Amino acid sequence: MNNVPKKLFYSRTHEWIRKDQKDQEEIITVGITDHAQCMLGDLVYIELPEIDSSFEDGQECAVVESVKAAADIYCPIPGEIIEINEELLENPQLINQDPYGKGWLFRVRPFDKNFTKLLTADQYSKQVASEAH
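Sequence order as written defines the numbering, with residues in each chain counted from 1. This being a predicted model, a pLDDT of at least 70 is required before a residue's local features are given, and a value of 80 or more before pairs of side-chain atoms are given or counted; all residues contribute to the totals for chains, interfaces and linings. With hydrogens and water set aside, each side-chain value is computed from the structure's full complement of heavy atoms.

**Quick look at the packing of aromatic side chains**
Formally: A pair of Phe, Tyr and Trp rings is counted when the ring centres sit within 6.5 Å of each other, with Trp represented by its six-membered ring. The angle between the planes then sorts it: under 30 degrees is stacked, over 60 is edge-to-face, the rest tilted. Helix and strand labels come from DSSP, where a helix needs a run of H or I of at least four residues and a strand needs a run of E of at least two; each type is numbered from the N terminus. Only protein chains enter the accessibility calculation, which uses a 1.4 Å probe; a residue whose area is less than 20% of its type maximum is buried, one above 50% is exposed, and one in between is partly exposed.
According to the stated counting rule, one finds 2 aromatic pairs in the structure shown. Ring centres 4.8 Å apart and planes at 15° place the aromatic pair tyrosine 10 and tyrosine 124 in the stacked group. Here tyrosine 10 is found in strand 1 (residues 9–10), whereas its partner tyrosine 124 is found in helix 4 (residues 121–131), with 114 residues between them in sequence. Summarising the burial analysis for this pair, tyrosine 10 and tyrosine 124 share the class buried. Their ring planes at 55° and their centres at 6.0 Å tell us that tryptophan 16 and tyrosine 100 sit as a pair that is tilted. Placement of tryptophan 16 in strand 2 (residues 15–22) and of tyrosine 100 in the loop between helix 3 (93–97) and strand 9 (106–110) is noted, with a sequence separation of 84 residues between them.

Structure, rendered in structure tokens:
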């Protein structure tokens with residue numbers, strides 16, 4: 001089983017979500033899960049959303065490409081992009097090396113603080129296990 005940190009939330013489309021504080025404001029950091037990066041393989045390219053762009057829950061906002069395939073990344077919560085991980089533009093392999101740390105994708109100022117559609121680590125682990133069958 002892949003690494004699924006308990007402190008994070010997850011989307012059904014394999015993004016992880018972490019609540020952070022920045023300048024006394026709650027923001028959301030988003031990345032793709034260890035399971036997702038393992039399934040994709042070695043990442044060679046990433047296209048991140050533009051800062052100040054807004055997305056709805058589940059809307060395509062980024063793309064990752066690997067030696068195997070390309071995959072869309074979906075915004076797991078409605079909000080405005082306030083920061084992107086520019087290091088990934090030169091080194092997308094950071095996602096493979098550290099998906100929950102240096103491999104984060106972007107930060108969002110949420111429009112809504114209701115995260116009821118997100119999964120806990122246990123729920124996400126069960127989803128991944130059911131996909132394997």
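Following the structure, the description resumes.
**As for the pattern of salt bridges**
Threshold: Any Lys or Arg side-chain nitrogen located within 4 Å of an Asp or Glu carboxyl oxygen qualifies as a salt bridge.
Counting across every chain of the model gives 7 salt bridges. A salt bridge links glutamate 25 to arginine 109; its shortest N-O distance comes to 2.6 Å. Of this pair, glutamate 25 sits in strand 3 (residues 25–32) while arginine 109 sits in strand 9, placing them 84 residues apart in sequence. Of the charged contacts in the structure, one is a salt bridge between glutamate 80 and arginine 109, with a shortest N-O distance of 3.3 Å. Of this pair, glutamate 80 sits in strand 8 (residues 79–84) while arginine 109 sits in strand 9; the two residues are 29 residues apart in sequence, bridging distant segments of the chain. On the accessibility criterion, arginine 109 (30% relative accessible area) is partly exposed. The network of salt bridges with common partners includes Lys22, Glu83 and Arg107.

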